[in-house]
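As a plain string of letters, each chain reads:
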Amino acid sequence: MNRTLIKNATIVNESEKFEGDVLIQDEIILEIGASINPEKANLVIDAGGKILMPGVIDDQVHFREPGLTHKGNIESESRAAIAGGVTTFIEQPNTNPQTVTIDRLEEKMMIAANSSYANYSFMFGGTNDNLEELKKLDRNACAGVKLFLGSSTGNMLVDNEAVLEKIFSNTDMVISTHCEDEGTIRTNLEQFKAKYGEDIPISAHPLIRSEAACYLSSSKAIKLAEKTGARLHVFHVSTALETKLFRNDIPLEKKKITAEVCTHHLWFSDKDYEEKGTLIKWNPAVKTEADREGLWEALLDDRIDILATDHAPHTLEEKQNKYLQAPSGGPLVQHTLPALLEKHKEGKISLEKLVQKMCHNPAILFNIHKRGYIREGYFADLVLVDLNDPWTVSGENILYKCGWSPFEGTTFSSAISHTFVNGHLAYSKGKVDPGRNVKRLTFDR
Ligand code: DOR
């Protein structure tokens, strides 16, 4: 029996912030108290007032395995995840082969069991022609179903409306969507090609993958969910206009339509294309400052439920191509919590709200079993954060396989000091422990 006591922490959990201790026994949180006797433990960690929060649950990452492993793999990206305080991830199906059969899903589960540093689950990818397979999926087998209603890395566009309606009608799992209308994007792209030929500037990206493209696709998905009663979760909302489509007058537990916002849409704006170029090319695109502000408002007033990373590594060489050839996406899983803590310090968001959006809400939304909270009897997925430990993102401390970050050169004033995964001290003082104790997610559905 192993007992670790975290003493003198500032615990942020369930809308509260208080001084206290947490005792871990093996994988589980045994006790939370104002002052727990150190003799109960064989290892005592003095938190010295640092913030103790539940491990982050990231509901949208792309770890590129199998098939795209020159960009990243489950081992490399999950190491980066725990260095960023992310103890659980839900990975997306646009790998090669795509995760569109139950066998492919189970193959990924096996890879993660053998190499992941964080708890894991995966999305099953819906396509124009795998409805029968989707129907066979056990609702507890994976986190949910992912549908690309706009094409992106991996060519997984689902554009057959009849099929779409059948998918929405035939599963009670969470359906997560990438919403960007293809027709609108195609028309916009043709216009920019007519003007610039093959040399379109990156600043055109949010005009090609436009507000209208996002709004049309999100609205359609929501209408279909309302018609069919499906459980819809709209990934990476990127415009202020779309936030009007979501409600905040009922608790998350009762919502049938929910929304996620991602780090890059909260941090960058179209003003940053000049400096960062294609490094900040994402689908959906980073848009205007007004959009960014609208997303913050919706996150804070609970129209948006979850804050995630959409971690999507590509090599620097790939990203440095011209606009049309540069792939969309960028690595974020190691730097999202430090970046958001910076926003906390600017007064943009409270720690309690951050914990709600990054830890509690993903657990509620996906019905994840015994994670996402600091509660006695729950898995000890915990993160200690030092709010006064400045560091600069650089090649020496980036853990992504692709070796770069859109935050390179940025100094964050907060650092992740310890990450526990199922009670195992997986990351401390800048080092990942080679031992692993991770689990496939189970669900209370
Ligand atoms: O920018 C993006 N990149 N958006 C996505 O939806 C996919 C991702 C990727 O996998 O590269």
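Please refer to the structure placed before this passage.
Quantities reported herein were computed from a predicted structural model and do not represent experimental measurements.

**Quick word on the environment of Thr-177**
Part 1 of the reasoning: Within the fold, Thr-177 resides in strand β10 (residues 174–178).
Part 2 of the reasoning: Owing to a relative accessible area of 0%, Thr-177 belongs among the buried residues under this scheme.
Part 3 of the reasoning: Taking C-alpha positions, Thr-177 is 5.1 Å from Val-234, a pair spaced 57 residues apart along the chain.
Part 4 of the reasoning: Discounting chain neighbours no more than four positions away, the residues touching Thr-177 are Leu-147, Leu-149, Leu-232, His-233, Val-234 and Phe-235.

**Remarks on the packing of aromatic side chains**
Part 1 of the reasoning: In this structure the tally under the stated criterion is eleven aromatic pairs.
Part 2 of the reasoning: An angle of 80° between the planes, with centres 6.2 Å apart, marks the rings of Trp-267 and Phe-412 as edge-to-face. Placement of Trp-267 in helix α9 (residues 263–267) and of Phe-412 in strand β16 (residues 411–412) is noted, with a sequence separation of 145 residues between them.
Part 3 of the reasoning: Residue class for Trp-267 comes out buried when judged on its relative accessible area of 18%.
Part 4 of the reasoning: An angle of 55° between the planes, with centres 5.8 Å apart, marks the rings of Trp-391 and Phe-412 as tilted. Taken together, the positions of Trp-391 in strand β15 (residues 391–392) and Phe-412 in strand β16 put the pair 21 residues apart, joining distant regions of the chain.
Part 5 of the reasoning: Taken together through their ring pairs, the aromatic side chains of Trp-267, Phe-268, Trp-282, Trp-391, Phe-407 and Phe-412 make up a single cluster.
Part 6 of the reasoning: Of note, Lys-343 hangs over the ring of Trp-267, and the distance from its end group to the ring centre comes to 4.7 Å.

**Notes on the pairing of strand β7 (residues 86–91)**
Part 1 of the reasoning: In terms of burial, β7 is a largely internal element, six of the six residues being buried.
Part 2 of the reasoning: Bridging between strand β6 (residues 56–61) and β7 involves four bridges; their strand directions are parallel. When the bridges of β7 are listed, Val-61 appears paired with Glu-91.
Part 3 of the reasoning: Note on the crossover from β6 through helix α1 (residues 74–83) to β7: the handedness is right-handed.
Part 4 of the reasoning: Of the strand pairs in this sheet, β7 and strand β8 (residues 119–125) are connected by four bridges, and their pairing is parallel. Bridge pairing in β8 places Glu-91 opposite Phe-122.

**Concerning unusual backbone geometry**
Part 1 of the reasoning: For the bond running from Asn-96 to Pro-97, omega is 0°, close enough to zero to count as cis.
Part 2 of the reasoning: Inspection of the secondary structure puts Pro-97 in the loop between β7 and α2 (102–115).
Part 3 of the reasoning: Backbone torsion omega between Asn-283 and Pro-284 reads -5°, so that peptide bond is classified as cis.
Part 4 of the reasoning: Mapped onto the elements, Pro-284 comes out in the loop between α10 (273–276) and α11 (289–300).
Part 5 of the reasoning: With a phi angle near 75°, Asp-302 is a residue other than glycine that sits in the positive phi range.
Part 6 of the reasoning: Assignment of secondary structure puts Asp-302 in the loop between α11 and β13 (306–308).
Part 7 of the reasoning: For Asn-367, which is not a glycine, the phi torsion comes out positive at approximately 55°.
Part 8 of the reasoning: Take Asn-367: it is sitting in the loop between α14 (351–365) and β14 (382–386).
Part 9 of the reasoning: Overall, the relative accessible area of 34% leaves Asn-367 in the partly exposed class.

The rules behind the values
- Residues numbered from 1 in each chain as written.
- Predicted model: local features only at pLDDT ≥ 70, side-chain atom pairs only at ≥ 80, totals over all residues.
- Heavy atoms only, no water.
- Helix = DSSP H or I, 4+ residues; strand = E, 2+ residues; numbered from the N terminus.
- Buried < 20%, exposed > 50% of the residue type's maximum accessible area, 1.4 Å probe, protein only.
- Contact = heavy atoms within 4.5 Å.
- Phe/Tyr/Trp six-rings, centres within 6.5 Å; stacked < 30°, edge-to-face > 60°.
- Lys NZ or Arg CZ within 6 Å of the ring centre and 35° of its normal.
- Pairing = 2+ DSSP bridges.
- Right-handed = clockwise from strand over helix to strand, strands pointing away.

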